[in-house]
Amino acid sequence: MFKKIKSKDVKLHPALLFLILTILVMIISSVGSILHLETSYYTVNIATGELESHIVTINNLFNRTGIQYLISNLLNNFTTFAPLGTLIVGLIGVGVAYNSGFLNSFFKMITKDKPKKLFTFIVVLLGVISSMFLDTAYVILIPLSAILFMNLGRHPSAGICAAFAGITFGYGANFFVNSLDASLIEYTTSATKILDQNYTVNLHGNIIFMIISTLLISYLGMIITEKYIVPKLGKYTFDEEDPDINSSLTSKERKGVLVSLLAFALVVLLLIYSIIPGLPFSGLLLYLKDATYVEQLFGNNSYFNQGSVAIFSALLAFAGLIYGIRTKTIKNNSDLVTGMSYYLKGFSSLLVLIFFAAQFCLIFKQTNIGIFIVASLAEFLNSIELSGIMLIIVCFIIILISSVFVPVASTKWAILSPIMVPMFMQNTFTPEFATSVFRAADSSIKGISPLFTYFVILIGFIQIYSKKKKTITITDALSLMVPYAIAFSVLWLLIVIGFYIIGLPLGINTGVML
């Protein structure tokens, strides 16, 4: 009478899984509190240079107080969750550019008669480079990559995976010194003072390491996407709303793209002028009170950094508007607003997913479990004596594990640097090399952690382009990202060891050894 349901046919929606994980974390926090789990870690007081001890205990949230905290912070957890606002703002600009036809026409123009692998490499490379804008990269580059891959006649989720992999697993690499360097150098400098008050940490001390890593990661990302992701996803079924990959650009569309690009370039020149200090009326988007240009541009107080999502979204919307006016795809203000809301039409299920992901991530943070794990690993590292290549490998593994539970780089480095940096210096390694090991390991695996705030964005975008009308689970997303994580972890470790063995310079006037 009743049809037997096979376990393999039951797929738990990621929103419900995040809810279950939230309850599980609360229970674990209760157990940790009952067992009086406690550890400590040291940080360096930036003002005084003195080591300060911090006691870490597990906060019990599976009790009256914890439940009250959860209930009273449900709305706040949701509204302050990083991906929510940035995603909405980013998709407004992408929607205008796509709905007007600008993106499809532009991608058709640049991809004609060119190898598809080239654009896979470019997507991963752009992911690595744009990771210095972090929020902007996730909410703008990822949908752009999906649209690019559709215009190549490929599955858009392959573009999503390639972009996400470049941004996340290539976070420690780049062609430019950026916000990551600005945030890490503060802790590296403080940790260096424990042994040597006169040593000056070089802000550009990792730049050669970063450039070489960028090229290698982009190439490996292309290989994984082409050899594993594209075959796994299979053929994409195009519908009426998707780009017509068989049509050719008309003369009107081609002229529309050229006019739009010209207008876009002029606005970009104004933007560049606004981030150059020292010129008449320039530096509008810089926080000029910071000491270095990197901090002025990428620091927490930078107007450019704070508004980067809105800036890039507005640039895309402007390009789409100019194209739409030129080609008559945007005839009135209603057409413009329709474009703005294009990607937000099916946003409801993603909002639900973000709501439960926000509760999980922020409740986990409130329990202190992540900090407890990182502090315990730092304590373990401090208790053992290692040197040479074993020191590098063990530190790499410890950072790797830490990144699953505390994805934020600066939070981990604040705890680990007072241990790692002196250990490296005692082994005649430079503090900059310790930073290189950290940035490599930090980038290797956090992209497969559900605690990584932008992991939920990956699930959401893949769901948007799923034609099989099935729920994309956390397991589905992991099956696409784990190959990247494994390959990039191995590559990052080999890069670090390669610099150590060969003795390549890490950056400007900076090497591996003191």
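Scoring rules and cut-offs
- Residues numbered from 1 in each chain as written.
- Predicted model: local features only at pLDDT ≥ 70, side-chain atom pairs only at ≥ 80, totals over all residues.
- Heavy atoms only, no water.
- Axes fitted to C-alpha atoms, helices over the stretch in contact; angles between N-to-C directions.
- Helix = DSSP H or I, 4+ residues; strand = E, 2+ residues; numbered from the N terminus.
- Left-handed = near helix turned anticlockwise from the far one by under 90°.
- Contact = heavy atoms within 4.5 Å.
- Salt bridge = Lys/Arg side-chain N within 4 Å of Asp/Glu carboxyl O.
- Buried < 20%, exposed > 50% of the residue type's maximum accessible area, 1.4 Å probe, protein only.
- Phe/Tyr/Trp six-rings, centres within 6.5 Å; stacked < 30°, edge-to-face > 60°.
- Polar contact = N/O pair within 3.5 Å; in protein donor to acceptor, adjacent residues only side chain to side chain.
- pLDDT = per-residue confidence, 0-100.
- Pairing = 2+ DSSP bridges.
- Expected span 1.5 Å × (residues − 1).
- Bend = angle between axes of the 7 residues up to and from the residue.

On to the packing of helix H7 (residues 156-169) against helix H21 (residues 474-502), then. The interhelical angle for the contact between H7 and H21, taken along N-to-C directions, is 35°, at an axis separation of 11 Å. Regarding H7 and H21, the two cross each other, and that crossing is right-handed. Residue-level inspection shows Cys-161, Ala-162, Phe-164, Ala-165 and Phe-169 of H7 in contact with H21, the latter providing Leu-480, Met-481, Tyr-484, Ala-485, Phe-488 and Trp-492.

If the charged atoms of two oppositely charged side chains come close together, the side chains can form a pair. Tallied over the entire structure, the rule returns 4 salt bridges. Close ionic contact of Asp-181 with Arg-439 constitutes a salt bridge, the shortest N to O distance being 2.9 Å. Within this pair, whereas Asp-181 is found in helix H8 (residues 179-192), its partner Arg-439 is found in helix H19 (residues 431-445), the two being separated by 258 residues in sequence. Arg-439 shares its class with Asp-181; the two are buried. The partner of Lys-446 in a salt bridge is Asp-442, with the nearest N and O atoms 3.3 Å apart. Pair check on accessibility: Lys-446 and Asp-442 agree, each one buried. Taken together, the salt bridges that share partners define one network made up of Lys-412, Asp-442 and Lys-446.

Take the packing of aromatic side chains next. Considering all chains together, one arrives at 30 aromatic pairs under this definition. Seen from their ring centres, Phe-133 and Phe-312 are 5.3 Å apart, and the 55° between their planes marks the pair as tilted. Linking Phe-133 in the loop between helix H5 (116-130) and helix H6 (135-151) with Phe-312 in helix H13 (residues 308-327), this pair joins segments that are 179 residues apart in sequence. The class of Phe-133 is buried, set by a relative accessible area of 17%. In this structure an aromatic cluster arises from ring pairing among Phe-102, Phe-106, Phe-107 and Tyr-323.

Residue position: Asn-427 is located in the loop between helix H18 (409-426) and H19. Reaching out from Asn-427, the side chain makes a polar contact with the backbone oxygen of Met-423 at a distance of 2.8 Å. Contacts of Asn-427, omitting those with residues within four sequence positions, involve Leu-386, Ser-387, Gly-388, Leu-391 and Met-513.

By secondary structure assignment, the location of Leu-351 is in helix H15 (residues 348-367). A C-alpha to C-alpha distance of 51 Å links Leu-351 and Asn-198, two positions 153 residues apart in sequence. Look past the residues within four positions of Leu-351 in its chain and what remains in contact with it is Phe-78 and Leu-84.

Next up on the list: the confidence of the model for the protein. With 97% of its residues at a pLDDT of at least 70, the protein reaches an overall mean of 92. Every residue in residues 1-7 is under pLDDT 50, and counting partners more than four places away or in other chains gives 1 contact.

A separate point is the pairing of strand S1 (residues 38-44). Relative to strand S2 (residues 51-57), S1 is paired through 7 bridges, and the arrangement is antiparallel. Within the sheet, the bridge partner assigned to Glu-38 lies in S2 and is Thr-57.

If you check H18, its first and last C-alpha atoms are 24 Å apart, about what 18 residues at 1.5 Å a residue would give, namely 26 Å. The largest bend in H18 is about 55°, located at Leu-416, with the proline Pro-418 one to four residues further on. The element H18 is extensively covered by neighbouring structure, given that 15 of its 18 residues are classed as buried. Downstream of H18 by a residue or two, Thr-428 has a phi angle that is positive, lying close to 65°.

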